[in-house]
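Summary of the model geometry
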Amino acid sequence: MEANLPALDIPVDFMAGGEIDYDVLRYYTQFPCKIRSAIFFMCTSGSLHATINFSQYTVRKGEFVFLVPDSYIQIHKITRNFRFYFAAFSSTFLDKVNMTSTAFEFIPAISQNPVLKLSDALYPVFADFYELLFKVTECPELSLNTETVKSVLNIIMQQIAPLYSVQQPSGKGKPGRDREIYMQFILLLHENFHKEHRISFYAEKIGITVQHFCNTVKKTTGKRATEIIDKFLLMEAKTRLRFTDMPVKNIAFELGFTNSNFFFKWFRNRTSITPLEYRNGEEEVTFGDEFIQFD
């Protein structure tokens, strides 16, 4: 077993298509996968049941999915007639154009609602747009240089912006500063959860008191900030334990635990088993509230 997590990226800056073999998709039912690229896909037939980050979704025809970099996905069930159009941008390209900055305003909404239902009027518009992208990528006369690919990304973001601009975080948090604090927290968490678990770190980075930070996150999401940090950590820990041969003490260190004994206690308190028991298969691989076995 390799020391790296199963990851999904693409070898070129941009790729678009509409035909992926059923057996290829079925391969990803064997383990959770960490998405390195940004993937936009739209279901055109059939259905797929998967866990995306912390929640389970069934994606059907006419639904649009945005997988931001560093998302986790585990496919549980997929119908043989499942088809989708997709556009993907590599992690290397996203680093060059600062994708996080581009999508800043929408990341919290995307994190909570990665799957959106397109209206009957929007679905054919998106389908036509994807088909245009297919033709562009297949045409040798059209050079897809960095600036061209950046323009494609901007067009896609402009298309989905109206969809996500109406998505508000759950809870009763007021718009404006509360939402801005939450967005900053999510961005900081993506970058720092593996090395910083302290609430005070995030509050200080945002420039507010710990009490103000905790109250705002709870009001905006309905969850404590510590719960959100723990979910990120637990997902990464489970993936590394089950799908790498990295020693547990190394996993603990890479996730910001200076003491492996503390990591053992932390993990057991949240899963009822030890990291080694989990690695040895004493619990189903679960990244949502329940695990649905692939048939």
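Up top is the structure these notes are about.
Residues numbered from 1 in each chain as written. Predicted model: local features only at pLDDT ≥ 70, side-chain atom pairs only at ≥ 80, totals over all residues. Heavy atoms only, no water.

This brings us to unusual backbone geometry. Look at Ser272: it is not a glycine, yet its phi comes out positive at around 75°. Along the polypeptide, Ser272 turns up in the loop between helix H12 (260–271) and helix H13 (275–279). (Helix = DSSP H or I, 4+ residues; strand = E, 2+ residues; numbered from the N terminus.)

Per the counting criterion, the structure on display carries eight salt bridges. Close ionic contact of Glu236 with Arg240 constitutes a salt bridge, the shortest N to O distance being 3.1 Å. A residue pair is termed a helical-turn pair when its members lie 3 or 4 positions apart in one helix, as Glu236 and Arg240 do in helix H10 (residues 225–243) at four residues. In this structure Glu236 comes out as buried when scored by relative accessible area, which is 2%. Several salt bridges converge on common partners, so that one network encompasses Glu236, Arg240 and Glu254. (Salt bridge = Lys/Arg side-chain N within 4 Å of Asp/Glu carboxyl O. Buried < 20%, exposed > 50% of the residue type's maximum accessible area, 1.4 Å probe, protein only.)

The set of residues buried in helix H8 (residues 199–206) consists of Ile199, Phe201, Tyr202, Ala203 and Ile206. The elements touched by buried residues of H8 are helix H7 (177–192), helix H9 (210–221) and H10. One or two residues past the end of H8 sits Gly207, with phi positive at roughly 95°. (Contact = heavy atoms within 4.5 Å.)

Further remarks concern the environment of Phe64. Inspection of the secondary structure puts Phe64 in strand S7 (residues 63–67). Once residues within four sequence positions are removed from consideration, Phe64 is found in contact with Phe40, Phe41, Met42, Pro114, Val115, Leu116, Leu118, Phe126, Tyr130 and Ile160.

The next subject is the packing of aromatic side chains. Counted according to the given criterion, the structure contains 23 aromatic pairs. Each ring, one from Phe263 and one from Phe267, has its centre 6.1 Å from the other, and the planes form 50°; the classification is tilted. With Phe263 and Phe267 both in helix H12 and four residues apart, the pair spans about one turn of that helix. The residues Phe263 and Phe267 share a single accessibility class, namely buried. Grouping aromatic residues by their ring pairs yields a cluster made of Phe14, Phe40, Phe64, Phe66, Phe89, Phe93 and Phe126. (Phe/Tyr/Trp six-rings, centres within 6.5 Å; stacked < 30°, edge-to-face > 60°.)

Relative to each other, H7 and H10 sit at 35°, their axes nearing to 11 Å. Crossing handedness for the pair H7 and H10: right-handed. Between H7, through Phe185, Leu189 and His190, and H10, the contact on the second element is made entirely by Ala225, Ile228, Ile229 and Phe232. Counted by class, the contact of H7 with H10 contains six nonpolar, one polar and no charged residues. (Axes fitted to C-alpha atoms, helices over the stretch in contact; angles between N-to-C directions. Left-handed = near helix turned anticlockwise from the far one by under 90°. Nonpolar A, V, L, I, M, F, W, Y, C, P; charged D, E, K, R; others polar.)

Here we take up H10. With 19 residues, H10 should reach 27 Å at 1.5 Å per residue; the first-to-last C-alpha distance of 28 Å fits that figure. Within H10, 16 of the 19 residues are buried, leaving the element largely enclosed by the surrounding structure. (Expected span 1.5 Å × (residues − 1).)

What follows deals with the pairing of strand S9 (residues 83–89). In terms of burial, S9 is largely enclosed, as six of its seven residues are buried. Judged from the four bridges that link them, strand S2 (residues 14–17) and S9 form a sheet pairing that is antiparallel. Its bridge partner lying in S9, Gly17 is registered against Phe86. (Pairing = 2+ DSSP bridges.)

Just geometry here; none of it tells us what the structure is for.
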